[in-house]
Amino acid sequence: MTEAIVSPVKLEELEESLYKLTLLTLCLQRTSWNRGYPPYEQIIKLARSNTDLLRMSDQDLLAILKPLGLYNSRLKQIRKSMLHVAMLGWPDTIDQLNAWPAGQTVKRNYVMF
């Protein structure tokens, strides 16, 4: 008889980590750590979960993302990625990952996680 494998990581913690990894990756695209990390920290303080982020207004997110440049495209990418997760959950198969509207860098980091 085999014993059930019990993960030391709770599902909520895993989802929080995936949320943070995805958000950080989107904030760091095409910029340096020094420029990308402060906006990421601001967003995390205001939106501790995907649900919180989706409740934030576009104006609030744009104000945080503006120093990064490409802020409209970053906002669209964040919204699309997180809305997809809210509706369908985090991808757990290659087909689901391919259907996720996140960029290739986000998908690569997700797989490595």
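Cut-off values and rules
- Residues numbered from 1 in each chain as written.
- Predicted model: local features only at pLDDT ≥ 70, side-chain atom pairs only at ≥ 80, totals over all residues.
- Heavy atoms only, no water.
- Salt bridge = Lys/Arg side-chain N within 4 Å of Asp/Glu carboxyl O.
- Helix = DSSP H or I, 4+ residues; strand = E, 2+ residues; numbered from the N terminus.
- Buried < 20%, exposed > 50% of the residue type's maximum accessible area, 1.4 Å probe, protein only.
- Expected span 1.5 Å × (residues − 1).
- Axes fitted to C-alpha atoms, helices over the stretch in contact; angles between N-to-C directions.
- Parallel < 35°, antiparallel > 145°, perpendicular 65-115°, else oblique.
- Contact = heavy atoms within 4.5 Å.
- Nonpolar A, V, L, I, M, F, W, Y, C, P; charged D, E, K, R; others polar.

Chemist: Help me understand the pattern of salt bridges, please; the structure alone is not making it clear to me.
Modeler: Two side chains with opposite charge may pair up if their charged atoms get near one another. Within the structure shown, the criterion is met by 2 salt bridges. Put simply, Asp 52 and Arg 55 hold a salt bridge, and the shortest N to O gap is 3.8 Å. Here Asp 52 and its partner Arg 55 are both found in helix 3 (residues 50–55), 3 residues apart, which amounts to about one turn of the helix. Look at Asp 52 and you get partly exposed, because its relative accessible area is 28%. A residue is classified by how much of its surface remains accessible, and Arg 55, at 65% relative accessible area, is exposed. Linking Asp 58 and Arg 79 is a salt bridge whose minimum nitrogen-to-oxygen distance equals 2.9 Å. Of this pair, Asp 58 sits in helix 4 (residues 58–65) while Arg 79 sits in helix 5 (residues 71–88), placing them 21 residues apart in sequence.

Chemist: Looking at this structure, I do not really get helix 5. What am I missing?
Modeler: It helps to recall that an α-helix has 3.6 residues per turn; residues three or four apart then point in one direction. Compared with an ideal rise of 1.5 Å per residue, which puts 18 residues at 26 Å, helix 5 spans 25 Å between its outermost C-alpha atoms and is within 8% of the ideal. Burial in helix 5 covers these residues: Arg 74, Leu 75, Gln 77, Ile 78, Arg 79, Ser 81, Met 82, His 84 and Val 85. Residue Gly 89 follows helix 5 closely and has a positive phi angle near 85 degrees.

Chemist: What exactly am I supposed to notice about unusual backbone geometry here?
Modeler: Residue Arg 30 is not a glycine yet carries a positive backbone phi of 60 degrees. Position of Arg 30 among the secondary structure elements: in the loop between helix 1 (11–28) and helix 2 (33–46). Classification of Arg 30 by relative accessible area gives exposed; the value is 75%.

Chemist: What should I look at first to understand the packing of helix 2 against helix 4 in this one?
Modeler: Two numbers describe a pair of packed helices, the interaxial angle and the distance between the axes. Remark: helix 2 packs on helix 4, axes separated minimally by 9 Å, with the N-to-C direction vectors making an angle of 150 degrees. Compared by their axis directions, helix 2 and helix 4 come out roughly antiparallel. Of the residues in helix 4, those in contact with Pro 39, Gln 42, Ile 43 and Leu 46 of helix 2 are Leu 61, Ile 64 and Leu 65. Class assignment of the residues belonging to the contact of helix 2 with helix 4 gives a composition of 6 nonpolar, 1 polar and no charged.

Bear in mind that shape data such as this cannot, by itself, settle questions of function.
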